[in-house]
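# Residue-level structure breakdown
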Amino acid sequence: MKQIALIALCLFSLGASFAKEATPLADDPVTEQRLISISEEMRCLVCQNESLAGSRSDLANDLRQEIRIQIKEGKSDDQIRNFMVERYGDFVLYRPPVKPITWLLWIGPFVLLLIGIAGLFTYLRRRNAAVSNIVLSDDDNQRIDALLKNAEQDKKGVP
Amino acid sequence: MKMKFLIPLVLFVLLVIFLAIGLNRDPHELPSPLINKPAPAFEIAQLSESNKTFSPASMKGKVWVLNVWASWCVACREEHPVLVELAKSQLAPVIGLDYRDQRQDALAMLARQGNPYLLSAFDANGRVGIDYGVYGVPETYVIDKAGIIRFKHIGPITMDLLNQKMYPLISELQKL
């Protein structure tokens, strides 16, 4: 009895999952291609780490359907993007527009890079300055020459 | 010069502060671009009387609350008593938007749990929901007399939210 119930449950859930599949409005590949190129650049709001193109949530299905309709109506990509931004905000876009509130987001990494480079240069300059320049006198040079000569002779002397 | 060794510590504390703020934020709560914009127009059938329609234009001159709900949404059930409380206060009419639902299921839920709504509009395919930027039911909007959205809350509303935010806002909007 339990097994029959289990099989029935499996069949039922299978049917349910089929029923959830959205019927594609446009079978022509051009529309689908545009749909994918637009929706890959958008975030699914229900499951925020998925793109609108890849998400299987009901809302994503609805929104893809909406985009299909708008493509059929001859709307441009920008018009469709605006439609989405007007409703869900800049957050739907994976590439946020450059405007005052997103300046930090866009320029921040480069500012950090510049700060890093500036820090590196000051550090290197300071380190170079720390190594004092020693001026060698003639006596010193003669001593060095003698030491080097000795060292060379020692080397030759070894069989 | 002596304080130099403190620099990494200060940087670390700053990082911890940023992360703490980030962790305590709900990533599902997004600022709605619809705030201070006119409530999108629609005209769809009502839930209980399918031969009648509802349009936000009919609410002009009133401060009202639009609540997006569905019988399949668990958080809506949790929120339901709060809505009943809001309706009881009679501060503002509550209109429901039954989102992607089955008519019988929705009516059964209202019969079981009480009906806080003046009426519910029946958004079977979720098209109106898209215009309102709905992405997680329940969502609640406060709309002023001129039909401008003044407040949006995503997720179930609580008694605290009612008392601290929505009641003061509604009474203020009533005065305008």
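Above this text you will find the structure in question.
One structure accompanies this document, and this report is about it.

What counts, and at which threshold
Residues numbered from 1 in each chain as written. Chains lettered and ligands numbered in written order. Predicted model: local features only at pLDDT ≥ 70, side-chain atom pairs only at ≥ 80, totals over all residues. Helix = DSSP H or I, 4+ residues; strand = E, 2+ residues; numbered from the N terminus. Rg over C-alpha atoms; globule rule 2.2 N^0.38 Å. Buried ≥ 20, exposed ≤ 12 C-beta atoms within 10 Å, placed from the backbone. Contact = placed C-beta atoms within 7 Å. Nonpolar A, V, L, I, M, F, W, Y, C, P; charged D, E, K, R; others polar. Axes fitted to C-alpha atoms, helices over the stretch in contact; angles between N-to-C directions. Parallel < 35°, antiparallel > 145°, perpendicular 65-115°, else oblique. Left-handed = near helix turned anticlockwise from the far one by under 90°. Pairing = 2+ DSSP bridges.

The helix and strand inventory of chain B stands at five helices and seven strands. N-terminal to C-terminal, the α/β element order of chain B is α-β-β-β-α-β-α-β-α-β-β-α. Scaling as 2.2 N^0.38, a compact globule of 176 residues should have a C-alpha radius of gyration of about 16 Å, whereas chain B reaches 20 Å, well beyond that. Dimensions of chain B, computed from the C-alpha atoms along their principal axes, are close to 80 × 35 × 30 Å. Taking all 176 residues of chain B together, 35% fall into the buried category. For chain B, contacts bridging at least 24 residues in sequence account for 73% of all contacts bridging at least 6.

Right, let's get into the overall build of chain A. In terms of helices and strands, chain A carries six helices and zero strands. Put simply, 46% of the contacts in chain A that link residues at least 6 apart link residues at least 24 apart.

Here we take up the interface of chain B and chain A. In this complex, chain B contributes twelve residues to the contact, which on the side of chain A involves 14 residues. Here the residues of the side of chain B that touches chain A sort into six nonpolar, four polar and two charged.

Residue and element names in this part refer to chain A. At a minimum axis separation of 10 Å, helix α2 (residues 29–39) and helix α3 (residues 58–72) run at an interaxial angle of 125°. Taken as axis vectors, α2 and α3 run oblique relative to one another. Where α2 crosses over α3, the handedness of that crossing is right-handed. Across the interface between the two elements, T31, R34, L35, I38 and S39 from α2 touch R64, I67, R68, I71 and K72 from α3.

Looking now at the environment of I38(A). All names here are of chain A. Topologically, I38 is positioned in helix α2. For I38, a count of 19 C-beta atoms within 10 Å corresponds to the partly exposed category. When the C-alpha positions of I38 and D78 are compared, they lie 9.4 Å apart, and in sequence the two are 40 residues distant. Beyond its immediate stretch of four places on either side in the chain, I38 contacts I67, D77 and I80.

Here we come to the sheet that holds strand β7 (residues 149–154) of chain B. Residue and element names in this part refer to chain B. Within the open sheet, the five strands sit side by side as β5-β4-β3-β6-β7. Their pairing is mixed. Among the strands making up the open sheet, the edge pair consists of β5 (119–123) and β7. In this sheet, adjacent strand axes meet at a mean angle of 20° when their direction is disregarded. As judged from the five bridges shared by strand β3 (residues 64–69) and strand β4 (residues 94–99), these two strands associate in the parallel manner. Residue pairing across strands places L66 opposite I95, the latter belonging to β4. Sitting on the sheet, helix α5 (residues 159–175) is in contact with β6 (139–143) and β7, with an inclination near 165° to β7.

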